[in-house]
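Inside the fold
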Amino acid sequence: MMTSLRFAFSWRPARTVLSVGLLWLGLAVVATPAIAALRVVTTTEDLAALVREVGGDRVVVETFSRGYQDPHFVEPKPSFILKLVGADLLVVVGRELEIGWLPPLLTQSRNARIQPGGRGYLDASMNVRILDIPTGQITRAMGDVHPSGNPHYWLDPANGRLMAMAIRDKLTELQPGDRAFFDQRYADFDRRLSEAERRWEAAIAPFKGAKIVTYHRSWPNFTERFGLNVIGYVEPRPGIPPSPRHTFDLIAEMRTQQVKVVLVEPYFDLRTPEAIARDAGARVLVMPPSVGGTPEVSDYIKLFDHLITSLVAALTAGR
Amino acid sequence: MDLSILPFLAAPFAASLILTGIHAYLGVHVVERGVIFVDLSLAQIAALGGTIAMLVPAFGGDPHAPGVYWVSLAFTFVGAAVFSLVHSQEARIPQEAIIGISYAVASAAAILAMSHSTSQSEHLKEMLVGNILAVSWEQVLKTTALYGAVGAFHFVFRHRFLLISIDRARAVAEGVSVRFWDFLFYASFGFVVTSSVAIAGVLLVFCYLIVPSVAAMLYADRIGPRLAIGWTMGTVVSVLGMFFSVQFDLPTGATIVCTFGLVLILMAFAKPLFRRGRLARPG
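Turning to the overall build of chain B, a few remarks are in order. The number of helices and strands found in chain B is 12 helices and zero strands. Helices and strands in chain B line up, N terminus first, as α-α-α-α-α-α-α-α-α-α-α-α. Looking at chain B as a whole, 49% of its 283 residues are labelled buried. Contacts spanning at least 24 positions in sequence make up 77% of the contacts within chain B whose residues lie at least 6 apart. Carbon and sulfur atoms form 72% of the exposed surface of chain B, whose accessible area is close to 13,000 Å².

Glancing now at the confidence of the model for chain A. On average, residues of chain A score 86 in pLDDT, and 84% of them reach the 70 mark or higher. Counted against residues more than four places away or in other chains, residues 138–143 of chain A, with its pLDDT under 50, gives 11 contacts.

Another point: the sheet that holds strand β5 (residues 211–214) of chain A. Residue and element names in this part refer to chain A. Judged by pairing direction, the sheet is parallel, and its four strands sit side by side in the order β6-β5-β7-β8 without closing on themselves. Either end of the sheet is taken by a strand with one partner, and the two such strands are β6 (229–233) and β8 (283–286). If you compare each strand with its neighbour and ignore which way they point, the axes differ by 35 degrees on average. Pairing analysis gives three bridges linking β5 to strand β7 (residues 261–264), with the strands arranged parallel. For I212, the partnering residue across the bridge sits in β7 and is V261.

Here we take up the sheet that holds strand β2 (residues 59–65) of chain A. Residue and element names in this part refer to chain A. Overall, parallel pairing links the four strands, which are arranged β2-β1-β3-β4 in an open sheet. What marks the edges here is a single partner per strand, and that holds for β2 and β4 (121–123). When the angles between neighbouring strand axes are averaged without regard to direction, this sheet yields 20 degrees. Pairing analysis gives three bridges linking strand β3 (residues 89–92) to β4, with the strands arranged parallel. What sits directly across from V91, in β4, is L122. Docked against the sheet, helix α2 (residues 45–55) engages β1 (38–44), β2 and β3, running at close to 150 degrees with respect to β1.

Time to look at the packing of aromatic side chains. Applying the stated rule across the entire model yields 27 aromatic pairs over all chains. Both rings, one in B:Y208 and one in B:F260, keep their centres 5.1 Å apart while their planes meet at 85 degrees; by these two values the pair is edge-to-face. Here the residue B:Y208 occupies a position in helix α10 (residues 202–219), and B:F260 occupies one in helix α12 (residues 252–274), the gap between them amounting to 52 residues. For B:Y208, a relative accessible area of 0% puts it in the buried group. Looking at B:F260, the relative accessible area reads 0%, which means it is buried. Connected via pairs of aromatic rings, a cluster forms that spans B:F83, B:F153, B:F157, B:F161, B:F180, B:W181, B:F185, B:Y186 and B:F189. Just above the ring of A:F181 sits the side chain of A:R58; from NZ or CZ to the centre is 3.9 Å.

In a regular helix each residue adds 1.5 Å, so 18 residues correspond to 26 Å; helix α5 (residues 157–174) of chain A covers 25 Å between its end C-alpha atoms and thus fits that length. Judged by how many residues are buried, α5(A) sits mostly within the fold: 13 of 18 residues are covered.

Notably, A:R95 is not glycine yet its phi reads approximately 55 degrees, a positive angle. Looking at the secondary structure, you find A:R95 in the loop between β3 and α4 (102–109). Here A:R95 falls in the buried class, since its relative accessible area comes to 18%. Phi at B:D249 is positive, roughly 50 degrees, even though this residue is not glycine.

Next up on the list: the packing of helix α1 (residues 6–33) of chain B against helix α11 (residues 223–247) of chain B. All names here are of chain B. The interhelical angle for the contact between α1 and α11, taken along N-to-C directions, is 145 degrees, at an axis separation of 9 Å. Considering how the two elements wind past one another, α1 and α11 form a crossing that is right-handed. For the pair α1 and α11, contact is made by L9, P12, F13, S16, L17, T20, G21, A24, Y25, V28 and E32 and by I223, R226, L227, G230, W231, G234, T235, S238, V239, M242 and V246, respectively.

Glancing now at the nonpolar core. With 63 residues, the main nonpolar core has B:L26, B:V30, B:V38, B:F83, B:F189, B:M233 and B:F260 as its most contacted residues. The contacts of B:L26, once residues within four sequence positions are left out, are B:H154, B:F185, B:F189, B:V192 and B:L209. Counting 57 residues, the second largest nonpolar core, distinct from the first, contains A:V93, A:Y186, A:I301 and A:L311.

Before going further, it helps to examine the environment of A:V40. Residue and element names in this part refer to chain A. Assignment of secondary structure puts V40 in strand β1. For the pair V40 and L84, spaced 44 residues apart in sequence, the C-alpha to C-alpha distance is 9.0 Å. Not counting residues up to four positions away in its chain, the partners in contact with V40 are V51, V59, V60, V61, E62, L89, V91 and L171.

Let's shift gears to the pairing of β5(A). Residue and element names in this part refer to chain A. In terms of strand pairing, β5 meets β6 through four bridges, oriented parallel. By the bridge assignment for β6, I212 is matched with V230. The parallel pair β5 and β6, bridged by helix α7 (residues 220–225), forms a crossover whose chirality is right-handed.

Residues and elements named next belong to chain A. For the structure on display, the rule yields 26 salt bridges over all chains. With a closest N to O distance of 2.3 Å, R129 and E224 form a salt bridge. In this pair, R129 sits in the loop between β4 and α5 while E224 sits in helix α7, placing the two residues 95 residues apart along the sequence. By relative accessible area, E224 is classed as partly exposed at 39%. As a salt-bridge pair, R191 and D188 come within 2.6 Å of each other at their nearest N and O atoms. Of this pair, R191 and D188 both sit in helix α6 (residues 179–204), separated by three residues, roughly a single helical turn.

Our next topic: the packing of helix α6 (residues 137–156) of chain B against helix α9 (residues 178–200) of chain B. All names here are of chain B. Contact geometry for α6 and α9: axes closest at 11 Å, N-to-C directions at 165 degrees. It follows that α6 is roughly antiparallel to α9 by the angle criterion. Crossing geometry of α6 relative to α9 is assigned as left-handed. When α6 is examined against α9, the residues Q139, T143, L146, Y147, V150, F153 and H154 are found in contact with a partner set consisting of L184, F185, S188, F191, V192, S195, S196, A198 and I199. Grouping the constituent residues of the contact of α6 with α9 by class yields 10 nonpolar, six polar and no charged.

Rules used throughout
Residues numbered from 1 in each chain as written. Chains lettered and ligands numbered in written order. Predicted model: local features only at pLDDT ≥ 70, side-chain atom pairs only at ≥ 80, totals over all residues. Heavy atoms only, no water. Helix = DSSP H or I, 4+ residues; strand = E, 2+ residues; numbered from the N terminus. Buried < 20%, exposed > 50% of the residue type's maximum accessible area, 1.4 Å probe, protein only. Contact = heavy atoms within 4.5 Å. Areas by Shrake-Rupley, 256 points an atom, 1.4 Å probe, with all protein chains shown as cover. pLDDT = per-residue confidence, 0-100. Pairing = 2+ DSSP bridges. Axes fitted to C-alpha atoms, helices over the stretch in contact; angles between N-to-C directions. Phe/Tyr/Trp six-rings, centres within 6.5 Å; stacked < 30°, edge-to-face > 60°. Lys NZ or Arg CZ within 6 Å of the ring centre and 35° of its normal. Expected span 1.5 Å × (residues − 1). Left-handed = near helix turned anticlockwise from the far one by under 90°. Core = buried A, V, L, I, M, F, W, Y, C linked by side-chain atoms within 4.5 Å. Right-handed = clockwise from strand over helix to strand, strands pointing away. Salt bridge = Lys/Arg side-chain N within 4 Å of Asp/Glu carboxyl O. Parallel < 35°, antiparallel > 145°, perpendicular 65-115°, else oblique. Nonpolar A, V, L, I, M, F, W, Y, C, P; charged D, E, K, R; others polar.

Take a look at the structure:
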């Protein structure tokens, strides 16, 4: 009797401790997702780089299109749907860049949070400076026209800052507890970007107004920002080979205007631009327009470091 | 394998089953007639129609406008008419030549039309090359109804279609209007292919059409068993292809195409095992 009573007394506190412990454990398990990192999916590596700058270790970022791929054409894989299913936030370039492949996947994911217009959907182009927006009626004579403007807007660091700001606001909205953290990381990125911008502008300053030809219209924001003068395009329409007249006129124009550099994105065939450059006495420069385009371009600031360095080298050699 | 992907593969899998159903059957005709590339050619003609329709200001350059679909269907019927006429007029010219020429000219004409289009060429590629991973249930149901109708039509007139495909000379001798039935065949075929390509893309549709039929010919001569083998192979390959696609995270359409090739090779190697019930000797 005595022993059994003593056993009962000694057992009760242990049980209390155990149940309280279990309760806490349960709470911790339930509470963990709320304080865990936000799951962010981006369509391109440029967006992923900016999300990392602002979100740090409070976000887990995954991306679909690699920097060396053409973001217009992405071959969807089953894992894309799973990433979308689990995402808290989807960041897109917008301006119809992803129109060929993203919408059906997004519908398939049935993740209501990240549908366009949802809280977890961020179109990074909404507050940046967009070029080439057609005004008035679009006619065939205008050639290749993106009705909502040129989607390669991240190639101006001023836009990169605005995009980072939009990302900061969105992350804060989704995870208000980390406001100070995101603010601090954004401020740090802003400071480093401003420093870098002065460095890039100084490097390119001697070549202000330099005339170049680009393969496709991927660089208007970049060339506007750094004072380059694009006098023509190798392939005015994607996927359509240029007519002999266009090629002939372009070579003649390059000769008269003393163009020394033809900029080509890494996912285009080099044969046509190389033939044109050879005839016009210029050189072809392959430049990745995105983070991850080459292994050393691992973040947003390094992207411009790489672009400016290789461009300056090519322009110097062409002098 | 991550099982949470399965609900998202249900619609693509259902789509692959309908594709197997109609294409393995049409494939028997296509292989018998020796017009292997007719689907690529008709798909390209349909795409040309779509491209030209997008130049019409009334459709506003929208590849999904209903008018665009009808124009591309009309082009398909013109192609069907050409194929059925050429066959009966000049027996010396192989029909594959006409099909090849149509393919090349239609592709080039689409490029010319695109160079006058204001909208991005991405739209056109999107229209030409569907992605089976992104197929919706709505598309699956619509396509099922469409293929059901075409399948029923072919079932009702199966004797006539098969007679012309397998023994053309006898059909002519029996006084069948070969030219008319040829047109019906190519028109219904073009109808199916145009929709299939929008779902699954050119490569995958070609495989669903030709590979099961060829694989079946390795093992059977009569139409019934050939259809059974073709349907089984199409289904097995769809399951396997989707499994590989998930397991190794590869683009689904291309994975199924390669699985078709792999399974066909295996079936060809296994064939001697079935012959006269003994193992084949090497060499």
